Every structure is written in structure tokens, then in C-alpha cells.
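Observations on chain architecture
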Amino acid sequence: MKKLRSTALFPTLIFSTRFKDKKLCRELAEECEGFARLDDQGRKWSLVNYPHGYTSYASITDLHLRSSQFEKLGRWIDSQVAIFAQELGYDLKGGRLRMTTFWINIMKPGASHPFHLHPLSTVSGTFYLKTPPGCPAIRFEDPRATQFMARPSILEKGSGLFHTYKPSEGSLVLFESFVRHEVPSYRAGKSTKPRISVSFNYEWVQPDRF
Ligand SMILES: [Fe+2]
């Protein structure tokens, strides 16, 4: 291979892996639907802010403290976030990354989630419990996108402005919280079944705040 004279700087890492306990995934999906049935406040909020879907983003954001099953999933996610932090090369100065919020997203055909980032958090991510055929992927935007100006497009595969990650049941995706992302519209097609996922944020805590 020809030796390059350039150095690749400032990479954006997107972490993905899989959780092997399918039984727990099924039980967690049922639990999500149970929360949605009981969460009047969250359903009202979603009617206005999350059409064709339900999210507990504004009502139940501590799943790991409410349910032993979610606590189990949260402990596994903690372990994967620790690996991601190592891969990112974070110097946590004796501190650690701690889950702060953990909430449910249920999307039905017609639902979408426009581009956003997660302010004040360090690492964020989503774990997928139900991904019916035809349900949308998550799309990440190159964090440099607003500064590209007169830059031509890049020929190399995977170097576009956006990166699409297609989720499957039991998959986990992690990213630094400043990376903008969206979930395009869930188009009514082969399936009318809900796409169910849980999302979370981690913050960096110093040793004296443990
Ligand atoms: Fe998000």
C-alpha cells in the first residue's frame, strides 16, 4: 500500500456490540410496554413531542433504579461504556463514567426523531429490544459538518457526511454525547410492530462525588 504523507486526526468513534441474553431482552421489551401503559404523564408528553410514539424521556428516566431487570442491563452497559472510554483514550483522573438517565423509546410507523445531541453528558447510547423489519436505523452526522464549506465529497466508502447504524435486537450502540444523530421516519411498510429501544446518558464523575 502506498505510504501516506498525511496523518488522520480527530477521529469520531462509534462503538457497537451485542448482548447475548435473548430471554432478558424479551422480558425487558414487555416491561417497556408495561411502563408505557402505566405512564399517563409520559404518554401525554409524547402526544405533543413524539408523535406516533411513546418516550419516557420526560417522565421515567431512572429505569436502572426502578427495575431489577433494567439494573442488570445497566450493569452490562456500564461494562461496555468502560471499554468504550478506554478505546477513546479518556483520562478520567481517578473518576468514572456514571449512568445518569435511562429511558424508553417506542416508535410506531410515522414516528421519527430529528437531529439532536445530548448536552451536558459525556457518553450516550441506545440498546435495541425490538427492531421489526423496515424499522429505521440511527444516523450519525460528522461533527465537522457545519464547517465543511467548499469541501468536495470524499470518495472512500464510509466517508460521507452521515453514518447509518442499522440496529438489531440485542445490539448496543455508544457514542460521545456531542455527536448529532437522528432516527428517520418509521415508514409504514411490511410491519406495523413497534420499534422498542432504551437510551441513556453517562456523566464523568470525580472521585469525591462517588
Ligand atoms: Fe439521542
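The paragraphs below set out a description of the structure included in this document. This one's a predicted model, so the numbers in the text were calculated from it and none came from an experiment.

Attention now goes to the nonpolar core. The biggest cluster of nonpolar side chains holds 34 residues, and the ones touching the most others in it are Leu-73, Ile-77, Phe-127 and Val-198. Counting only elements with at least two residues in this core, the list comes to helix H1 (22-38), helix H4 (68-88), strand E3 (96-107), strand E5 (123-130), strand E8 (171-176) and strand E10 (195-205). Those residues in contact with Phe-127 that lie beyond four places of it in its chain are Phe-19, Cys-25, Leu-73, Trp-76, Ile-77, Gly-170, Ser-171, Leu-172, Ser-197, Val-198 and Phe-200.

Turning next to the coordination of the iron ion. Taken together, the protein ligands of the iron ion are His-116 (NE2), His-118 (NE2) and His-181 (NE2), with distances of 2.1 to 2.2 Å. The motif formed by the donor residues of the iron ion, counted along the single chain, is H-x1-H-x62-H. One end of the pair, His-118, is in the loop between strand E4 (113-116) and E5; the other, His-181, is in strand E9 (residues 181-183), and 63 residues separate them in sequence. On the basis of relative accessible area, His-181 is assigned to the buried category, the value being 4%.

Now for the sheet that holds E10. Strand order in the open sheet made by the 6 strands is E1-E8-E5-E10-E3-E2, with antiparallel pairing throughout. What marks the edges here is a single partner per strand, and that holds for strand E1 (14-18) and strand E2 (53-55). Along the sheet, successive strands turn relative to each other by an average axial angle of 20°, direction set aside. Looking at chain direction, E5 and E10 are connected through 7 bridges and run antiparallel. Bridge pairing in E10 links Val-123 to Tyr-202.

Turning next to the packing of aromatic side chains. All told, the structure shown has 11 aromatic pairs when counted by the stated rule. Here Phe-70 and Phe-102 contribute two aromatic rings whose centre-to-centre distance is 5.7 Å and whose plane-to-plane angle is 90°, an arrangement assigned as edge-to-face. Highlighted residues: Phe-70 in helix H4 and Phe-102 in strand E3, separated in sequence by 32 residues. Both residues of the pair, Phe-70 and Phe-102, count as buried. Here the aromatic cluster, defined as three or more aromatic residues joined through ring pairs, consists of Phe-70, Phe-102, Phe-200 and Tyr-202. Positioned above the aromatic ring of Phe-162, the side-chain terminus of Arg-139 is 4.1 Å from the ring centre. Its guanidinium or amino end placed over the ring of Phe-148, Arg-151 lies 4.2 Å from that ring's centre, counting from NZ or CZ.

About the cut-offs
- Residues numbered from 1 in each chain as written.
- Predicted model: local features only at pLDDT ≥ 70, side-chain atom pairs only at ≥ 80, totals over all residues.
- Heavy atoms only, no water.
- Core = buried A, V, L, I, M, F, W, Y, C linked by side-chain atoms within 4.5 Å.
- Buried < 20%, exposed > 50% of the residue type's maximum accessible area, 1.4 Å probe, protein only.
- Helix = DSSP H or I, 4+ residues; strand = E, 2+ residues; numbered from the N terminus.
- Contact = heavy atoms within 4.5 Å.
- Donors = N, O, S within 2.8 Å, 3.2 Å for Na, K, Ca; no water.
- Pairing = 2+ DSSP bridges.
- Axes fitted to C-alpha atoms, helices over the stretch in contact; angles between N-to-C directions.
- Phe/Tyr/Trp six-rings, centres within 6.5 Å; stacked < 30°, edge-to-face > 60°.
- Lys NZ or Arg CZ within 6 Å of the ring centre and 35° of its normal.

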